[in-house]
Amino acid sequence: MGGLRAASPSSPSSGVAMACVVASEVATVLAVMRRNVRWAGVRYGGDDGDGGAGDEYLDHPLIAGLKSLRRRAASWGSRWPGGGGVDPLLYLRPFLDVVRSDETGAPITGAALSSLHKILSLDLVAPGPGVTEAMGAVVEAVTGCRFEVTDPSSEEAVLARVLQVLLACVRGRAAPALANRHVCAIVSTCFRVVQQAGTKGELLQRVSRQTMQEVIRCIFGRLADVDVTAIANDQIGKNQDLEAGELGNGKSDYVCLDNSGDEVGAELGVVQDKAMMEPLGVPCMVEILQFLCSLLNIAEDMDVSQRMNPIDFDEDVPLFALGLINSAIELSASSIHRHSNLLAFVQDELFRNLMLFGLSMSPLILSTVCSTVFTLFYHLRQELKLQVEAFFSCVILRLAQGRYGASYQQQEVALEALVDFCRQKEFMAEMYANMDCDLQCSNVFEDLANLLSKSAFPVNSPLSALNVLALDGLVAVIQAIAERTDHAHQHHEQTVPEISEYFPFWQLKCESSNDPDQWVRFVQQQKSIKRKLMVGVEHFNRDKTKGFEYLQGVHLLPEKLDPCSVALFFRYTPGLDKNLLGDYLGNHDEFSILVLHEFAKTFDFEEMNLDAALRLFLETFRLPGESQKIQRILEAFSERYYEQSPHMFVNRDAALVLSYSVIMLNTDQHNVRVKKKMTEEDFIRNNRRINGGTDLPREFLSELFYSICRNEIKTIPEQGAGCSEMSYSRWVDLMWKSKRTSSYIACDSYPFLDNDMFPIMAGPSVAAISVVFDNVEHDEVLTGCIDGFLSVAKLAAFNHLDDVLNDLVVALCKFTTLLNNSYTDDPVIAFGVDTKARMATEAVFTIATTYGDHIRSGWRNIVDCILRLHKIGLLPSRLTGDTGDDQESFSDSLPSKLGSSTVAPHVLPINTPKKTYGLMGRFSQLLYMDAEEPRSQPTEEELAAQRNALETARKCQIGTIFTESKFLQADSLSNLARALIQAAGRPQRISSSLDDEGRAVFCLELLITVTLNNRDRIVLLWQGVYEHITHIVQSTVMPCNLVEKAVFGLLHICQRLLPYKEDLVDDLLKSLQLILKLDARVADAYCENITLEVTRLVKANATHIKSQTGWRTIISLLCVTARHPDASDAGFEALVFIMSEGAHLSPANFIVSVEASRQFAESRLGSVERSVHALNLMADSVNCLTRWSREVKEAGGEVDRILEGIAEMWLRLVQALRKMCTDQREEVRNHALLCLQRCLVVDGISISSSTWLMSFDIIFQLLDELLEIAQTYSPKDLRNMEVSLLHAVKLLCKVFLQSLKDLSAQSSFGKLWLEVLDMVEKFMKVKLRGRRTEKLHEAIPELLKNILLVMKANGILSNTIASGESTLWEATWIQVNKIVPSLQLDVFPDNESDAVAAKGKPSSPSQEGQTAERPAMAEIQEKARVLHSGKINDWIERVKMRLAHIEKNNLFDIL
């Protein structure tokens, strides 16, 4: 057969092969017929009497036809179909005659049917001339098949052959040639065989049903090839409901499948009109669907045997019909929209029947209905908008909620169907756009989302399959929304303009449902209106006046109410109180009556029976009990019904009277208090002559009576927009609305409305997924929950719903079990074996690392989880680095003593004791070391659990939270830092537990890491970090790990941030003052390392420190180290770096640096060489002063003030060196004197006279102290003071000479000169150990001589006529003669004779005046001595005033 099919029908060899096939089939049929003697031959002619004449045997016409075909088949050759010339009826008719004959038995008929099946299967009947008639003949013959029944098995075989032939007719290449009526006949015959097979064997039952399925598939599979233009809008025969009795098939000796008089064929509506005579097309498909729909309700009128299960009986025929409908829809749904007649049938009758059977008690029927609706939705949702809404509202929601007595199986099937819909990625988005954003539709999306969320909750029972099923749907919806966020860059959000004035918005439609810019704006506007309407409904239900006022305020009703707008509000707004609505419509005021009539006009009662119209009308409100209100309402109804159905009544009064009568009948029949019920005759008699004096048709009234009796008109309808059953009247109204509703909007993969959808379901979704996750242990379900959590997180971050994300984080953290404080022997193993906890932990940190920007309060829970992982040892020892571009961690950057303590412990082996801190802890551990029990070796399960726990911690990538914190938004970053501070806790003065300290240390290090990684946003963090470290420092009285991390973390922050934050340099350096506030014991323990860090800070950032405050802090820290045995060397190293060659000296740090050098020079902890080095630093610093002076003079500007400041700094340097000149160490003391001399005699610094005088005061004080020390202290304490005194007197002389030029012109010069001479006299007369010093006696005359010679050379000291100079001359020599009497002759040899002669001559008047002035000069000298020797305190006060002047004028900043 395969070879024959493959051959081309036009080839000669193919023609010969087809002839062989026909000959073979003829031979087969003849062979079967010859088995029966009846068909062996027929004798014709008479007997001639002699008994010897030859008898003649002639063939039966059936046999003759077969033989004739056999003879002609060989001669046709290539003239077979495709080659042309052979009518298919020529080789089909002999077989058809056998099939039609009632003389043949079952075997012969079966053989003929087999031959027909083979010919059709091999496509020997192909499209061409005569094929239409041939196929029609085949169908008519087979459907009219008659044969004699010999045994049941042969009958079943023939029926099976019939089905095969009919299937071959619709499956072959010639099937398009079948007329519509022939296709209907095929379906009718197949169903009749199915019907008859009910009394036959099970095999025939299965084969017949399967064959009918295949026939339906073949027919509807050809819809895509049907030409739309070839189908005219001709009248198609309407199918009538099948009667149950027609399904029976009485037993008989003959079987006849002829449908000429069969009611089934007639019921199928094979109407001989033009449409049904056309080739296979839409008319036959509509007829078939009508027939299948009629089968759905067939069980209603059939008697059910008491021994038969009603559910099983109700399932059989409807389930079979639904299966056929589903098969038809599956193959044709994609093409139905092209054919208006077929689409109209699907929209109306088919969908109504699906809705009806969707509430069946049979789960099988419900499942099939849902599958069919799913297929229709997938292909035709744009044409089935309101039908889909009704299906979900009246079927899915009704059953899935378990309302109205729905069984568990129904709930499960409904939820399964809903989940199938939810797996369509655009389903929920389209439900929201088309239903929730449509004023006249219910909120399907919101209802479905709530249904899924609630169904996922287990209610007073363990988790069931329904809960997991609902979770699958919920997760599918969330994931679909999350996937659309990937396309967000192509979507721009639109703002919905507020309604500024009322406009008729009820019938507003979108201009273009294909343009996202238009339909997105349209649906958002509609949703905004709908929300306001719902608020208005709430107000109206409480107080109708306030409801109208609100709606007018938001411009949803006009400022002046009109009846039409109010009627539209009543008609199309769901949720209104129907009692209140009925009372309002029945009011007698004029406006309410107008509203009532406008309300009635919103209904379409065309082609609707009176009872159906009345049901629809009264479903929208509750009929009030007052008779006058009832009359007004029925008058409005009757007027509207009469307008649209004038053919039934002569006037509207007739409609009104009949409406009243129907209401009374309804009350009579369905009120339990009415004992005597109205009969049909009573009803008809009551309505005589109401139609303008004539009677209404009896049939019409009778039908109306029984309709009311069977189905009550509910005058108390259900409140709100609940899931009520779909009645016929409601369906008619739905079809009317579907013609006027806005077009269906197909959403694509862009998140146009997701930002409106997700907030609606976010909270319930998180709660539902959390409950399922908490109650399930199955890995697949857990994975689905985690996927849902992550999708929710993605959407919350995308839509900036920070509260949702934080709630999700809090919920997930609970599932990690890390926040559970219950004690376990080994938390690592417990965590490793808990799959749920590990999955939740990974999810938490995935959210933290991916969507951390939007986490706020959730950081606290995340930090708590991190702390728990750290505590049980699952975090690595080096969790984070400081920054992404710095490979050296904070711990590694500390000195070796500090870096040895790790941040987090390594994973502890099983039963490993906890780490102890402090001396006592380690001592206790040492004492009990021998008492420890030997550790047990871990099992394989325990090792696997440890590996699982470690792998989970590794996947979490916790370190990236802190190293990548620089990418967090400001609010999130602040909350992260706050969470770390809160988790660390407030430090206590009394040491807390080791666990608390470890937690605080770990949090502090993470906080420092975050701070260092956010140097550009340090302002956000600095205040909190500084306050936290302050609390640690102020509350710590003993050395511990926490204060250690705090101090060095603070130093590290300063080191790293100083180069980048010039505006915060002072604040950062000021924070280091905390170190100065450390408890003495704490400071002593860490002084060396603190100094090393400060040194490192200075070396790296000296150029960035510019303020006096900053330098004061740094130098203060260095000064502290001067007296610390371990830290002094490092501190001095930093000082050398600052002062060496003036590299980093500035006016801002000059004074404090000099003071620090003095302290290091005074310190006995270092060597003498270090003190000398410190003195050299001080002495060398004067070079900076000279350089600054030179630069100031060159720059110009406020020179005087700046130079005055430099002089003040010079004076402070002098004071510092002066303090070192009395040091007990000989080398230091002598070197200090030399350094002081160097500073005092420096050139290039502009020193005023007053400053020189102050410097001389300092020198005089120093010399007095040296004299006192030399005479008071033991030589053992102060060795070789003679040299120091010599340096001191040289210092005095050289400084005097240095300042001579500046001071000589001052009025106080004489006083100063006498004080110098007085001091020299003291040194000349000083005695050490009771004897004078030779070195001083040798050096002083020469020094004094040099001074006198200089003064002489400069004309300062001379014997002139001027009285003042003469007085200085005489006072000088009086004082000099006390020191070195012979010095005058050496200095002034020419004046010797004059001086001697002057003693003996009488005084001239001028000389007498000079003589008179001598006592006055003597008095001045005496006062100078008193001032020098007795008023040291006055000098000190003067120095203090000078220093205050320096600070007040801020001369350093000026420099």
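Definitions and cut-offs
- Residues numbered from 1 in each chain as written.
- Predicted model: local features only at pLDDT ≥ 70, side-chain atom pairs only at ≥ 80, totals over all residues.
- Heavy atoms only, no water.
- Helix = DSSP H or I, 4+ residues; strand = E, 2+ residues; numbered from the N terminus.
- Buried < 20%, exposed > 50% of the residue type's maximum accessible area, 1.4 Å probe, protein only.
- Contact = heavy atoms within 4.5 Å.
- Areas by Shrake-Rupley, 256 points an atom, 1.4 Å probe, with all protein chains shown as cover.
- Polar contact = N/O pair within 3.5 Å; in protein donor to acceptor, adjacent residues only side chain to side chain.
- Phe/Tyr/Trp six-rings, centres within 6.5 Å; stacked < 30°, edge-to-face > 60°.
- Patch = residues over 30% accessible without salt bridge, like charges linked within 9 Å, V, L, I, M, F, W, Y side chains within 5 Å.
- Salt bridge = Lys/Arg side-chain N within 4 Å of Asp/Glu carboxyl O.
- Lys, Arg positive; Asp, Glu negative; His and termini not counted.
- Charge placed at Lys NZ, Arg CZ, Asp CG, Glu CD.
- Expected span 1.5 Å × (residues − 1).
- pLDDT = per-residue confidence, 0-100.
- Axes fitted to C-alpha atoms, helices over the stretch in contact; angles between N-to-C directions.
- Parallel < 35°, antiparallel > 145°, perpendicular 65-115°, else oblique.
- Left-handed = near helix turned anticlockwise from the far one by under 90°.
- Nonpolar A, V, L, I, M, F, W, Y, C, P; charged D, E, K, R; others polar.

Trainee: Hey, could you run me through the overall build of the protein chain in this one?
Mentor: Of regular secondary structure, the protein chain possesses 65 helices and six strands. When the 1455 residues of the protein chain are sorted by exposure, 53% land in the buried category. In the protein chain, of all internal contacts separated by at least 6 residues, the share reaching a separation of at least 24 is 77%. Surface summary for the protein chain: the accessible area is close to 64,900 Å², and the carbon and sulfur share equals 50%.

Trainee: What is the right way to look at the environment of T143 in this model?
Mentor: Tracing the backbone shows T143 in helix α6 (residues 131-143). Through-space distance from the C-alpha of T143 to that of V165 is 10.0 Å; in sequence the pair is 22 residues apart. Reaching out from T143, the side chain makes a polar contact with the backbone oxygen of V139 at a distance of 2.6 Å. Only 3.2 Å separates the side chain of T143 from the backbone oxygen of E140, close enough to count as a polar contact.

Trainee: What is the right way to read the packing of aromatic side chains from this model?
Mentor: When we look at a pair of aromatic rings, we describe it by the centre distance and by the angle of the planes. Tallied over the full model, the rule gives 46 aromatic pairs. Residues F540 and F569 carry aromatic rings whose centres are separated by 6.0 Å and whose planes lie at 75° to one another, so their mutual orientation is edge-to-face. With F540 in helix α21 (residues 516-542) and F569 in helix α23 (residues 563-572), the pair connects residues that are 29 residues apart, well separated along the chain. Side by side, F540 and F569 carry an identical accessibility label, which is buried.

Trainee: What am I meant to see in a negative patch on the surface here?
Mentor: Where like charges cluster on the molecular surface, the negative patch consists of E1062, D1063, D1066 and D1067. With respect to the helices and strands, D1067 occurs in helix α47 (residues 1065-1071).

Trainee: Help me understand the pattern of salt bridges, please; the structure alone is not making it clear to me.
Mentor: When their charged atoms lie close together, side chains carrying opposite charge are able to pair. By the definition in use, this model includes 41 salt bridges. For D733, the salt bridge is made with R571, and the minimal N-O distance between the two is 3.0 Å. Taken together, the residues span a long stretch of sequence, with D733 in helix α31 (residues 728-738) and R571 in helix α23 at a distance of 162 residues. What makes D733 buried here is its relative accessible area of 7%. Judged by relative accessible area, R571 falls into the buried class, the value being 8%.

Trainee: I tried to follow helix α50 (residues 1108-1121) on my own but got confused; where do I start?
Mentor: Because an α-helix completes one turn every 3.6 residues, residues spaced three or four positions apart along the sequence face the same direction. Here α50 is 14 residues long and its end C-alpha atoms lie 20 Å apart, about the 20 Å a rise of 1.5 Å per residue gives. Buried positions along α50 lie against α47, α48 (1073-1076), α49 (1080-1101), α51 (1128-1139) and α52 (1150-1162).

Trainee: Help me understand unusual backbone geometry, please; the structure alone is not making it clear to me.
Mentor: A negative phi angle characterises most non-glycine residues, just as the trans form characterises most peptide bonds. At H800, a position not held by glycine, the phi torsion is positive, near 60°. Along the chain, the position of H800 falls in the loop between α33 (779-798) and α34 (802-815). By relative accessible area, which is 55% here, H800 ends up exposed. In this model, T817 sits at a positive phi of 65°, which is unusual for a non-glycine residue. Here T817 shows up in the loop between α34 and α35 (827-833). For T817, a relative accessible area of 34% translates into the label partly exposed.

Trainee: I tried to follow the confidence of the model for the protein chain on my own but got confused; where do I start?
Mentor: In regions of low pLDDT, the predicted coordinates are not meant to be interpreted in detail. Per-chain confidence: the protein chain averages 80 in pLDDT, with 81% of residues scoring 70 or above. Residue range residues 259-272 is modelled with pLDDT below 50. Its contacts to residues more than four positions away, or to other chains, number 30 contacts. Across residues 1392-1432 the pLDDT falls below 50, and counting only partners more than four positions away or on other chains, this stretch makes 33 contacts in the model.

Trainee: Quick question: what am I supposed to make of the packing of helix α44 (residues 994-1013) against helix α45 (residues 1018-1035) here?
Mentor: Helix-helix packing: each pair is described by the crossing angle between the helix axes and the interaxial distance. It is at 10 Å that the axes of α44 and α45 come closest, and there the two elements cross at 155°. Considered as vectors, α44 and α45 are oriented roughly antiparallel to each other. Crossing geometry of α44 relative to α45 is assigned as left-handed. Contact residues: α44 offers L1004, L1007, V1010 and T1011, while α45 offers I1018, L1021, V1025, H1028, I1029 and I1032. Within the contact of α44 with α45, the residues separate by chemical class into eight nonpolar, two polar and no charged.

Trainee: Whenever I open this one, the side chain of N687 confuses me. Can you help?
Mentor: Along the chain, N687 turns up in the loop between α29 (680-686) and α30 (698-710). A polar side-chain atom of N687 sits 2.7 Å from the main-chain carbonyl oxygen of F683. Excluding residues within four positions of it along the chain, N687 makes contact with L658, S661 and L701.

Trainee: Would you mind showing me how to read the packing of helix α26 (residues 610-618) against α30 here?
Mentor: Where α26 contacts α30, the two axes come as close as 9 Å, and the packing angle between them is 40°. Accordingly, the angle class assigned to the pair α26 and α30 is oblique. On α30, the residues that touch L610, D611 and R615 of α26 are L704, S707 and I708. Residue composition of the contact of α26 with α30, grouped by class: three nonpolar, one polar and two charged.

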